[in-house]
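Residue-level structure breakdown
What follows is each chain in one-letter form.
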Amino acid sequence: MKKAFITGINGQDGSYLTEYLLKLGYEVHGIIRRNSVPEHQQSRIDFLRKDLHVSYGDLLDVSGLERLLKNIQPDEIYNLAAQSHVRISFDVPQFTAQVNALGALNLLEAFRNTCPDSKYYQASSSEMFGTSIGENGYQSETTPLNPTSPYGCAKVFAFNITRNYRKSYKLHAVNGILFNHESPRRGSNFVTNKVVKGAVMIKKGLATKLELGNMDSYRDWGHSKDYVRAMHMIINHNIPDDFVVATGQTHSVREMTDYVFSKLGLDYKKFVIQNPIFLRPEELPYLRGDSSKLRKTFDWTPEYTFNALMDEMIDFWMENIKI
Ligand code: NAP
Ligand code: GDD
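Here the structure is a predicted model, which means the values were calculated and not measured. (Residues numbered from 1 in each chain as written. Chains lettered and ligands numbered in written order. Predicted model: local features only at pLDDT ≥ 70, side-chain atom pairs only at ≥ 80, totals over all residues. Heavy atoms only, no water.)

1. Thoughts on the overall build of the chain
From N to C terminus, the chain includes 11 helices and 13 strands. Dimensions of the chain, computed from C-alpha atoms along their principal axes, come out at roughly 60 × 50 × 40 Å. Out of the 323 residues belonging to the chain, those deemed buried represent 54%. A separation of at least 24 residues holds for 79% of the contacts in the chain among residues at least 6 apart in sequence. Of the accessible surface of the chain, which amounts to about 14,300 Å², a share of 50% is contributed by carbon and sulfur atoms. Side-chain charges in the chain split into 38 positive and 36 negative, and the spacing between the mean points of these groups amounts to 2 Å. (Helix = DSSP H or I, 4+ residues; strand = E, 2+ residues; numbered from the N terminus. Buried < 20%, exposed > 50% of the residue type's maximum accessible area, 1.4 Å probe, protein only. Contact = heavy atoms within 4.5 Å. Areas by Shrake-Rupley, 256 points an atom, 1.4 Å probe, with all protein chains shown as cover. Lys, Arg positive; Asp, Glu negative; His and termini not counted. Charge placed at Lys NZ, Arg CZ, Asp CG, Glu CD.)

This is the structure in structure tokens:
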């Protein structure tokens, strides 16, 4: 039985990856952080709890990471933990850098010192591209990194240090450069889930307005379930390497909002207003990923279309918001 160790196991991706690995017969270990509301600290994995090995841990607590990895001796390590909200990274830039950049280095050190024959996956991000777009209108593995947020800058460090450890110490350490991916389990302060939840509240008469920031940025949105499948392929490639994971399609926040409200029989223009508190000091205007390297190497293809993704989220909130 293979063993996996997942940081951020209670996050959106951690929970779907856990389900996927359990189905493949893995023994799954993960860390959660102490929360003053204990029900929140493992809310997304509660239903899997009896099949899991969950410990308290933090990317900032190196001795704890070393102790866990030494005892578990995992075959695969997935570093998914992060302060993952881009706008909030402008409010807490130092904390974001501590966790997303130095936290990744802490885990790489623990990996190198205690289980160097394991494989390591780093959750890198399309936010690292910032303002860079290839001449063909896509971002790929060769597009320069030009981040526009403290989150993006911290992720660039984690991306580079993962490559550096791979080359310097001959470790099996890889990066998945994932474009935005969503699901009903997405935090409700990310734009897709915020729009769907807000629109459903309006539909049910529980709200009258939805406040958003910039509606003119474009994102390449996929489903988290498709992307955790790609993570497993990338970490298990015989040559440690870095891969973009994306659908190749892009939509503006406005188009996405229009789709969701229309699906509910509403006109978004009557309900959506701009609140400057949701604007960012610097915006990333356009993302569209070229994942041909991943598709050619593993025959990966996403199962969800953009419409199917948004429809699943709409159905989820329609069922779960009670009048
Ligand atoms: P998420 O839902 O925000 O989950 C992040 C998880 O990390 C949470 O469980 C969080 O725990 C945990 N965490 C935060 N700080 C930690 C620390 N210091 N030590 C240990 N755990 C900590 O994010 P996600 O959407 O699943 O994304 C997973 C990873 O992929 C993240 O690294 C993210 O930056 C990256 N990524 C995401 C996307 C996307 O579109 N979703 C795209 C590219 C890359 P708490 O609940 O205790 O805060
Ligand atoms: N969150 C949020 N809230 N975003 C808004 C809002 C709002 O009220 N109004 C407009 N937006 C715009 C943002 O300005 C951004 O252009 C776009 O919607 C997407 O925002 P998010 O859903 O917060 O995602 P993100 O693109 O900033 O970051 C996500 O994707 C990255 C990969 O590209 C996160 O999951 C990151 O962790 C991930 O690395």
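2. Remarks on the site of ligand 2
Neighbouring ligand 2 are 23 residues, the closest being Ser125, Ser126, Tyr151, Ser217 and Arg280. Glycine 213 is positioned with one of its backbone polar atoms (N or O) 2.8 Å from a nitrogen atom of ligand 2. One nitrogen or oxygen atom from the side chain of glutamate 283 is found 2.6 Å from an oxygen atom belonging to ligand 2. Taking 710 Å² as the accessible area of ligand 2 by itself, protein coverage stands at 96%. Per-class residue counts for the shell around ligand 2 are 8 nonpolar, 9 polar and 6 charged. (Near = heavy atom within 4 Å. Polar contact = N/O pair within 3.5 Å; in protein donor to acceptor, adjacent residues only side chain to side chain. Nonpolar A, V, L, I, M, F, W, Y, C, P; charged D, E, K, R; others polar.)

3. Considerations on the site of ligand 1
Near ligand 1, the surroundings consist of 24 residues, among which Asp13, Arg33, Ser84, Tyr151 and Lys155 are the closest. Between ligand 1 and alanine 82 there is a distance of 3.3 Å, counted from an oxygen atom to a backbone nitrogen or oxygen. In isolation ligand 1 offers 900 Å² of accessible surface; the protein chains occlude 86% of this area. Contributions of two or more residues to the shell around ligand 1 are made by helix 1 (12-23), strand 5 (119-125) and helix 6 (150-169). Looking at the shell around ligand 1, the element that brings in the most residues is strand 5, giving 3 residues.

4. So, the sheet that holds strand 1 (residues 3-7)
Spatial ordering of the open sheet is given by 3-2-1-4-5-6-11, a layout of 7 strands whose pairing is parallel. The strands lining the two open edges of the sheet, one partner per strand, are strand 3 (52-56) and strand 11 (242-245). Between one strand axis and the next, the sheet turns through 20° on average, direction left out of account. Bridge count between strand 6 (residues 172-178) and strand 11: 4 bridges; the pairing is parallel. Bridging across to strand 11, glycine 176 finds its partner in phenylalanine 243. Lying over the sheet, helix 1 contacts strand 1, strand 2 (27-32), strand 3 and strand 4 (76-79), oriented at roughly 175° with respect to strand 1. Helix 3 (residues 62-72) contacts strand 1, strand 2, strand 3 and strand 4 of the sheet and is inclined by roughly 165° relative to strand 1. (Pairing = 2+ DSSP bridges. Axes fitted to C-alpha atoms, helices over the stretch in contact; angles between N-to-C directions.)

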